[in-house]
Amino acid sequence: MMGNKVVEAREWLSRNVSPDEFGDQIALAVERGGVVYMAPDCFLTGAPAADDPLTLVVFFQCSDIRRLCRVLRATGYERVRYQRTKNTEWVTREVADFEKKLALADMIYEHRREDAGL
């Protein structure tokens with residue numbers, strides 16, 4: 001069974017960053033006119049990039065790629081900027097790139113199911 005991503009995010013941020021980080025993430029996103037998405041299958045906070053209002057700078061996310069794509073499509077942002085870990089470079093990608101990878105993964109999965117006779 002899938003865990004609640006909001007609970008997972010709160011626990012991870014509290015344990016690995018600071019006890020107040022969960023609330024701080026939400027406050028920062030709201031303060032900057034950004035996105036706070038909380039559902040059992042996805043937690044996402046972010047705000048528009050200072051240099052490009054069509055780019056969402058992701059502060060924190062906890063979800064699988066399928067749910068993240070769904071949420072990103074709904075926000076209307078064209079690009080996302082994120083870090084895989086705190087000490088890595090920032091990466092900017094088109095939301096459409098995530099969707100293409102997801103479509104390719106779905107196609108491969110279906111072919112494997114067909115090959116297996118499922």
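Okay, so let's go over this structure. Quick caveat: nothing in here was measured; it's all calculated off a predicted structure.

Moving on to the pattern of salt bridges. This structure, assessed with the given rule, holds eight salt bridges. A salt bridge links D41 to R67; its shortest N-O distance comes to 3.4 Å. Note that D41 is positioned in the loop between strand 1 (35-39) and strand 2 (42-49) and R67 in helix 3 (residues 65-75), a separation of 26 residues in sequence. Look at R67 and you get partly exposed, because its relative accessible area is 23%. Residues joined in a network through salt bridges with shared partners are D41, D64, R67 and R70.

Counting 15 residues, the largest nonpolar core has L44, L56, V58, L72 and V80 as its most contacted members. Going through the elements one at a time, strand 2, strand 3 (52-63), helix 3, strand 4 (79-82) and helix 4 (95-115) are the ones with two or more residues in this core. Here the element with the most residues in this core is helix 3; it accounts for four residues. With residues near it in sequence (within four places) discarded, V80 still touches T55, L56, V58, L72, V91, T92, R93, V95 and F98.

Conventions adopted
Residues numbered from 1 in each chain as written. Predicted model: local features only at pLDDT ≥ 70, side-chain atom pairs only at ≥ 80, totals over all residues. Heavy atoms only, no water. Salt bridge = Lys/Arg side-chain N within 4 Å of Asp/Glu carboxyl O. Helix = DSSP H or I, 4+ residues; strand = E, 2+ residues; numbered from the N terminus. Buried < 20%, exposed > 50% of the residue type's maximum accessible area, 1.4 Å probe, protein only. Core = buried A, V, L, I, M, F, W, Y, C linked by side-chain atoms within 4.5 Å. Contact = heavy atoms within 4.5 Å.

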